[in-house]
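This is what each chain is made of:
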Amino acid sequence: MAQLFFKYGAMNSGKSIEILKVAHNYEEQNKPVLMFTSGIDNRDEVGYVSSRIGLRRKAIPIFDDTNIFEIVKNHPEKLFCILVDEVQFLKKEHVLQLTKIVDVLDIPVMGFGLKNDFQNELFEGSKYMLIYADKIEEMKTICWFCHKKATMNLRIDENGKPIYVGEQIQIGGNDTYYPVCRKCHANPPL
């Protein structure tokens, strides 16, 4: 029976490399998958999943008006898994479409993304993945500054100073965010 999976972690926890690995493992066994990613993530190029270690793959970009369920339902070949990167940027209706893929089409869906933003508020997509996912798994990484587990994302400015106010979504990598523990988020040793 198909399930909806949510794999979340702080920045640098290996989410994108994991989704690329999962796609490879399915396809190596001749089991086609569809990969999606948020249309607002333009760090590499819109419509690509890219890892920090240099691997990348084309994916279907998700915009506000994208109907993921219809794309999957109308796909010409049998699909064995649906993979979604940057799931935190999805809207509630997208997450409900993912549940429909699982419940109606009986295809497993794996969503990868951040749980909380730099102010430690849930993203919309993450909130609804936490509510609707059948299985939730944390992908772990270590704090940028100490040896503890990173559970938060610290936004920094161009001078490396912490930022605690601003728009929820600002696309960036190591130049913009550090994975940190709670203590270092509140008092980063910068």
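Under an unreviewed UniProt entry, the name given to the chain is Thymidine kinase, and the source organism is Ureibacillus thermosphaericus. Recorded in UniProt for the chain, the comment headed Subunit (unreviewed entry) runs: "Homotetramer." Among the UniProt annotations of the chain, the heading Subcellular location (unreviewed entry) holds the following wording: "Cytoplasm".

As assigned here, the chain comprises domain 1 (4-140) and domain 2 (149-186). One C-alpha centre belongs to domain 1, the other to domain 2, and the line joining them spans 23 Å. If you look at the interface, domain 1 gives 20 residues, while domain 2 gives 20 residues. Counting each side, the surface lost to burial between domain 1 and domain 2 is near 1,700 Å², with a carbon and sulfur contribution of 55%.

Following the UniProt record, the feature "binding site: substrate" (unreviewed entry) maps to Ile169, Gln170, Ile171, Gly172 and Tyr177 here. Mapped onto the secondary structure, Ile169 falls in the loop between strand E10 (162-163) and strand E11 (177-180). Residue classification places Ile169 among the partly exposed positions, given a relative accessible area of 37%. Ignoring anything within four residues of it in the chain, the contact list for Ile169 reads Ile40, Phe89, Phe123 and Arg155. Sequence-distant contacts of Gln170, that is, excluding residues within four places in its chain, are made with Arg155, Thr176 and Tyr177.

Rules behind the numbers
Residues numbered from 1 in each chain as written. Predicted model: local features only at pLDDT ≥ 70, side-chain atom pairs only at ≥ 80, totals over all residues. Heavy atoms only, no water. UniProt positions renumbered as here; feature names shortened; annotations may be inferred. Domains from an automatic or database assignment. Contact = heavy atoms within 4.5 Å. Buried area = accessible area lost by both parts, 1.4 Å probe. Helix = DSSP H or I, 4+ residues; strand = E, 2+ residues; numbered from the N terminus. Buried < 20%, exposed > 50% of the residue type's maximum accessible area, 1.4 Å probe, protein only.

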